[in-house]
Amino acid sequence: MDKEYVGFAALPNQLHRKSVKKGFDFTLMVAGESGLGKSTLINSLFLTNLYEDRQLPAASDRLSQTLTIERRGVEIEEGGIKVKLTLVDTPGFGDSVDCSNCWLPVVHFIEEQFEQYLRDESGLNRKNIQDSRVHCCLYFISPFGRGLRPLDVAFLRAVHEKVNIIPVIGKADALMPKEAQALKQKIRDQLKEEEINIYQFPDCDSDEDEDFKRQDAKMKESIPFAVVGSCEVVRDSGPRPVRGRCYSWGTVEVENPHHCDFLNLRRMLVQTHLQDLKEVTHDLLYEGYRARCLQSLARPGARDRSSRRAPRRSRCPCCRWPRQRS
């Protein structure tokens, strides 16, 4: 008599079908000074136009401009997989004359999402929790400086324990290859010197194929990513049309790995490490915030402070009705 097949091998397929049906949520924040190509890069990464209704302020309006937080949502579907992308933008960052503490609204926003998730997780309805936590922050660095500015260091130091940071050098076509490599090394040295933690790529499993290990090594070596964004299709640069930027000296191809790190950044965000970014946010960053909240409640004196509320009226031991004051 043949033994009945149990079928545990079908469990991954069940999880895959359930995840595909439910869809995926991902929240991406972009920060950095204006003019570094943040909007163009986001549109290039996800092949969409999230900023079609944006109006750029005049130069005179930027003198008194303050940082604001903007949310934009879009649903992206590819191969039957739906991803609800929420983009958190920070227009006005570093644009005013006095930039002191201009990063505080960003810190408050990230902590508010943690607080909201903690509140929902402690509530009665835990099945339909909306995850609005920021899973990744692309921080844009100017290619025209000599590394990180004091404002960059202050911002990264304020948020590096609250969100996954991926440093990006914007408008990298303004640099020669040797200049780009020198700037990357300078930024890496500054991050290490300032003890700023950025997103760390997980180690590859031993059973991964060699191509994946090679791509993963290239992505790790590319940090900070020197990127160029463009949604314009160039047809005169070669035998096939490409997305790029035309100059008098030639064409910069966005998806050419010899020109910039756009492919490595897109592969990391979309193909290989999106789920890991969410897991690090939940298991490490959010748990750290949750532990700090619980520790603050357990400190000596916290119970005494909570008991300093209005005293309850004494009740009669016989009828349990509140006693009347004499």
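Parameters at a glance
Residues numbered from 1 in each chain as written. Predicted model: local features only at pLDDT ≥ 70, side-chain atom pairs only at ≥ 80, totals over all residues. Heavy atoms only, no water. Buried < 20%, exposed > 50% of the residue type's maximum accessible area, 1.4 Å probe, protein only. Helix = DSSP H or I, 4+ residues; strand = E, 2+ residues; numbered from the N terminus. Contact = heavy atoms within 4.5 Å. Axes fitted to C-alpha atoms, helices over the stretch in contact; angles between N-to-C directions. Left-handed = near helix turned anticlockwise from the far one by under 90°. Nonpolar A, V, L, I, M, F, W, Y, C, P; charged D, E, K, R; others polar. Core = buried A, V, L, I, M, F, W, Y, C linked by side-chain atoms within 4.5 Å.

Peer 1: Could you clarify how one ought to interpret helix α2 (residues 38–46) in this entry?
Peer 2: Since the α-helix turns once every 3.6 residues, residues separated by three or four places project in the same direction. Of all nine residues that make up α2, seven are buried, and the element is covered over most of its length. For α2, the full list of buried residues reads K38, L41, I42, N43, S44, L45 and F46. Once α2 finishes, L47 follows within two positions and takes phi at roughly 50°, a positive value.

Peer 1: For this particular structure, what's the right way to read the environment of K38?
Peer 2: Note that K38 resides in helix α2. According to the relative accessible area criterion, K38 is buried, its value standing at 11%. The spatial distance from the C-alpha of K38 to the C-alpha of G229 is 8.3 Å, given a sequence separation of 191 residues. Contact partners of K38, with chain neighbours within four places excluded, come to A31, G32, E33, D89 and F140.

Peer 1: Any chance you could explain the packing of α2 against helix α7 (residues 262–272) here in plain terms?
Peer 2: Two packed helices can be described by the angle between their axes and the distance between those axes. Two elements in contact, α2 and α7, have axes separated by 10 Å at closest approach and are oriented at 65°. Along this stretch, α2 crosses α7, giving a crossing that reads as right-handed. Between α2 and α7, the contacting residues are L41, S44, L45 and F46 on the first element and F262, L265, R266, L269 and V270 on the second. By residue class, the composition of the contact of α2 with α7 is seven nonpolar, one polar and one charged.

Peer 1: Explain the nonpolar core here, please?
Peer 2: Within soluble globular proteins, side chains that are nonpolar tend to cluster in buried spots. One finds L138, F155, I166, L265 and M268 to be the most contacted residues of the largest nonpolar core, which totals 72 residues. In terms of residues, this core owes the most to one element, helix α3 (residues 104–121), which gives seven residues. Sequence-distant contacts of L265, that is, excluding residues within four places in its chain, are made with L41, L45, L138, I166, V168, F225 and V227.

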